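# Inside the fold
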Amino acid sequence: MTAHAISSSAAIDAAKRRDELIAFAVLFLVLAAAPAVIYPFFLMQALCFALFACAFNLLIGYVGLLSFGHAMFLGLAGYVSAHMAKVGTIDIGSANFGIHLNFGPMNPLVAILFGVAASAILGVLTGALAIRRQGIYFAMITLALSQMIYFFCLQAPFTHGEDGIQGVPQGKLLLGHIDLSQQTTMYYFVLAIFVVGFAIIHRVVNSPFGDVLKSIRENEPRAISLGYKSDQYKLAAFVLSAALVGLAGATKSIVAQNASLTDVHFAMSGEVVLMTLVGGLGTFFGPIVGAFIIVAMQNYLAGFGQWVQVIQGVIFVACVLAFRRGIVGEIAHRLGISL
Amino acid sequence: MMIPILNISTQALFGQLLLGLINGAFYALLSLGLAVIFGMLNIVNFAHGALYMVGAFCAYFLLNLFGLGYWWALLIAPIVVGALGVVIERTMLQRLAGLDHLYGLLLTFGLALIIQGVFQNYFGSSGLPYAIPPELQGGSNLGFMYLPNYRGWVVVFSLVVCLATWFMIERTKLGAYLRAATENPSLVRAFGINVPLMITLTYGFGVGLAALAGVLAAPINQVRPLMGADFIIVVFAVVVIGGMGSIMGSVVTGFMLGVVEGMTKVFWPEASNTVVFVIMAVVLLIKPAGLFGRTA
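These numbers were taken from a predicted model, which means no experiment stands behind them.

### Concerning the interface of chain A and chain B
- Tallying the contact residues gives 39 residues for chain A and 45 residues for chain B.
- Around 3900 Å² of area is buried between chain A and chain B when both sides are counted, 78% of it from carbon and sulfur atoms.
- The interface formed by chain A and chain B includes 0 salt bridges.
- Seen at the junction of chain A and chain B, the total is 6 residue pairs in polar contact (both at pLDDT 80 or more).
- At the level of elements, α5 (135–155), α10 (266–279) and α12 (307–322) of chain A are the ones that each hand at least two residues to the side of chain A that touches chain B.
- Of all the elements, α5(A) adds the most residues to the side of chain A that touches chain B, at 13 residues.
- By residue class, the composition of the side of chain A that touches chain B is 26 nonpolar, 10 polar and 3 charged.

### Here we look at the nonpolar core
- Within the largest apolar cluster, 221 residues are counted, with the highest numbers of intra-cluster contacts made by A:Leu66 and B:Phe26.
- With 18 residues, helix α2 (residues 40–62) of chain A is the largest single contributor of residues to this core.
- If we skip the residues at most four places from it in the chain, A:Leu66 touches A:Phe56, A:Ile60, A:Phe138, A:Ala139, A:Thr142, A:Val273, B:Leu102, B:Leu105 and B:Leu106.

### Here's the deal with the pattern of salt bridges
Residues and elements named next belong to chain A.
- Per the counting criterion, the structure on display carries 7 salt bridges over all chains.
- Linking Arg 217 and Glu 218 is a salt bridge whose minimum nitrogen-to-oxygen distance equals 3.0 Å.
- With relative accessibility at 57%, the residue Glu 218 sits in the exposed group.
- Where salt bridges share partners, they join Arg 325, Glu 330 and Arg 334 into one cluster.

### A short note on the packing of helix α5 (residues 149–171) of chain B against helix α10 (residues 247–267) of chain B
Residues and elements named next belong to chain B.
- Viewed as axis vectors pointing N to C, α5 and α10 meet at an angle of 165 degrees, and their least axial separation amounts to 9 Å. Classed by the angle they form, the pair α5 and α10 counts as roughly antiparallel. Considering only the axes of α5 and α10, their crossing is left-handed. Together, Val 155, Ser 158, Leu 159, Cys 162, Leu 163, Trp 166, Ile 169 and Glu 170 of α5 and Ile 247, Met 248, Val 251 and Phe 255 of α10 make up the contact between the two elements.
- Residues of the contact of α5 with α10, tallied by class, amount to 10 nonpolar, 1 polar and 1 charged.

### A short note on the environment of B:Gly249
- Within the secondary structure, B:Gly249 is located in helix α10.
- Separated by 200 residues in the primary sequence, B:Gly249 and B:Gly49 have C-alpha atoms spaced 20 Å apart.

### As for a nonpolar patch on the surface
Residue and element names in this part refer to chain B.
- A surface patch of nonpolar side chains, amounting to about 520 Å² of accessible area, comprises Leu 159, Leu 163, Met 248, Val 252, Met 256, Leu 291 and Phe 292.
- Elements with a contribution of two residues or more to the nonpolar patch: α5 and α10.
- Here the element with the most residues in the nonpolar patch is α10; it accounts for 3 residues.
- For Leu 163, a relative accessible area of 40% corresponds to the partly exposed category.

### Considerations on empty space enclosed by the protein
Residue and element names in this part refer to chain B.
- Applying the stated rule across the entire model yields 1 cavity of 30 Å³ or more.
- Size it by volume and the largest cavity reaches roughly 40 Å³.
- Around the largest cavity, the lining residues are Ser 31, Ala 35, Val 238, Val 239, Gly 242, Gly 243, Met 244, Ser 250 and Thr 253.
- Within the residue set of the lining of the largest cavity, elements represented by two or more residues are α1 (10–41), α9 (231–242) and α10.
- Residue contributions to the lining of the largest cavity peak at 3 residues, all from α9.
- Looking at the lining of the largest cavity residue by residue, the class counts come to 4 nonpolar, 5 polar and no charged.

### Quick look at unusual backbone geometry
- Of note in the backbone geometry, A:His160 takes a positive phi value of approximately 60 degrees without being a glycine.
- Position of A:His160 among the secondary structure elements: in the loop between α5 and β3 (172–173).
- Judged by its relative accessible area of 47%, A:His160 falls in the partly exposed class.
- Positive phi is not limited to glycine here, since B:Asn42 has a value of about 55 degrees.
- Take B:Asn42: it is sitting in the loop between α1 and α2 (48–66).
- According to the relative accessible area criterion, B:Asn42 is partly exposed, its value standing at 33%.

Rules of the game
Residues numbered from 1 in each chain as written. Chains lettered and ligands numbered in written order. Predicted model: local features only at pLDDT ≥ 70, side-chain atom pairs only at ≥ 80, totals over all residues. Heavy atoms only, no water. Contact = heavy atoms within 4.5 Å. Buried area = accessible area lost by both parts, 1.4 Å probe. Salt bridge = Lys/Arg side-chain N within 4 Å of Asp/Glu carboxyl O. Polar contact = N/O pair within 3.5 Å; in protein donor to acceptor, adjacent residues only side chain to side chain. Helix = DSSP H or I, 4+ residues; strand = E, 2+ residues; numbered from the N terminus. Nonpolar A, V, L, I, M, F, W, Y, C, P; charged D, E, K, R; others polar. Core = buried A, V, L, I, M, F, W, Y, C linked by side-chain atoms within 4.5 Å. Buried < 20%, exposed > 50% of the residue type's maximum accessible area, 1.4 Å probe, protein only. Axes fitted to C-alpha atoms, helices over the stretch in contact; angles between N-to-C directions. Parallel < 35°, antiparallel > 145°, perpendicular 65-115°, else oblique. Left-handed = near helix turned anticlockwise from the far one by under 90°. Patch = residues over 30% accessible without salt bridge, like charges linked within 9 Å, V, L, I, M, F, W, Y side chains within 5 Å. Areas by Shrake-Rupley, 256 points an atom, 1.4 Å probe, with all protein chains shown as cover. 1 Å grid on protein atoms, 1.4 Å probe; cavity = no way out; pocket = protein on both sides within 12 Å on 5 of 7 lines; lining within 4 Å. Points joined across faces, edges and corners; volume = space filled by probe spheres on them.

Just distances and angles here, no functional claims.
Below, the structure written as structure tokens:
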């Protein structure tokens, strides 16, 4: 490569980074000011789904792995953090043999961390199985495993089956100085979590590790021939995605003060695919836009019963047939920039 | 007569074995259709469960709107759903040629949402009854168990359909074209064979099998808009276990897993929902390509 080519590619990189930074700053300012005009509870829900979609996009957009079972991470983390915030016991094994701890109700941040840990562990177990196959098999395996987790959540005592965990306390942080039952405070807490999660994803994608992931997406045999252990990279990305989805799910259960089977059902796995597809697969901001659109649509069309599902199906079909870049992908393509 | 085996009556044991065989027959018919479609189109047909449901509803409509009974439904429903499949393939799936296979999965998932949503709007979530045809009502006493005639019919008939499909694909000239087109479509086209038409008809045939399974299921499971929604996930697991490479493999795996699931209901009812998924996990650890799959 000539010196000129190097300097121009560095210039492109710098321009790309500048575009992203500007977009990120605009997004942050909009979100920070949004509660003044938009109902905060809606925003908090949308932010949780946006983080969910961004973490999902880390796999499909940058590693090329379509998981059809990401609801298991959202749902499990939601149950674990709701249980920890409300009850705070761990019972594994039988009465005589096993782990039995009683922490009492935990502060929300610690409860969320437990949720993230649970999803990460589940990510290791399911990821190790799923990456043994590629392409559509990967999608079917993740779907089947998440259905297994669904039945686990239906039958396990701590999830309370069909009832779910209700009345989860929102609690206080920093020795009671930050009261999360105040809606505005809760909003900025959720926004902070979202920004942290989003920044982690951005950092990972732009790291050398992220470059290897993208090379696996483009041509896995070649990445292997270059000496990269692609299975380890895929598993690492899978677990990271699972943990970040867990962060979204755990936060969501504290915000909504409940955890239910909806979050672990495979329809939720389909919804996150839809959000990401609508916004734009493999774009940074697409999943956020997609999540806000789908959550808003569900809120406005809640009275139309199953037609919401039909509309979602139509959007799916339309996106796949005619609009594969998604909204943000299309804008970025028209403007010739990367978002 | 009762021979207690681990405190379980033989009647219960054989009853569950039969239920397992019936579920296995549905798994076999559905995974067979999925395998045939995947072979030609490289698409995992997520709408398979929804079209299985449409097959059952076809039988229901034929009876209640046109007065045509079960035997007509067995013939007409697969043709109607097959025609629907042809339309889907020609208008939508065909445009995905050359794209990542995942788009086919996403498109058919969207179709499943649409179809199931529409039916749920008009029929809610509860089941509609569909009577067993008069010829197959009643049962026979086999000595060790009581066999309801209809259930015996479902097992035998599905087996016949599966074997006929296997014969058609593996032993006839048409099947040879089909297999050749799976291996190398452009070469087969160069020989003057209309491969796009074959692809379209294959999709129609695959979803026709799903509709046939739906008609068979109607008298047993009632006709419900969501009857295929959860079912298709288990079928996916069956497909992963069997591997989609072989026709006979899908059939054997389907029946086998149905029986295993039935036996689990007897000995450990809590695990019966998840046993297929657990088997899938074990198979992935031991033989990732699936029991009958070729590594690709």
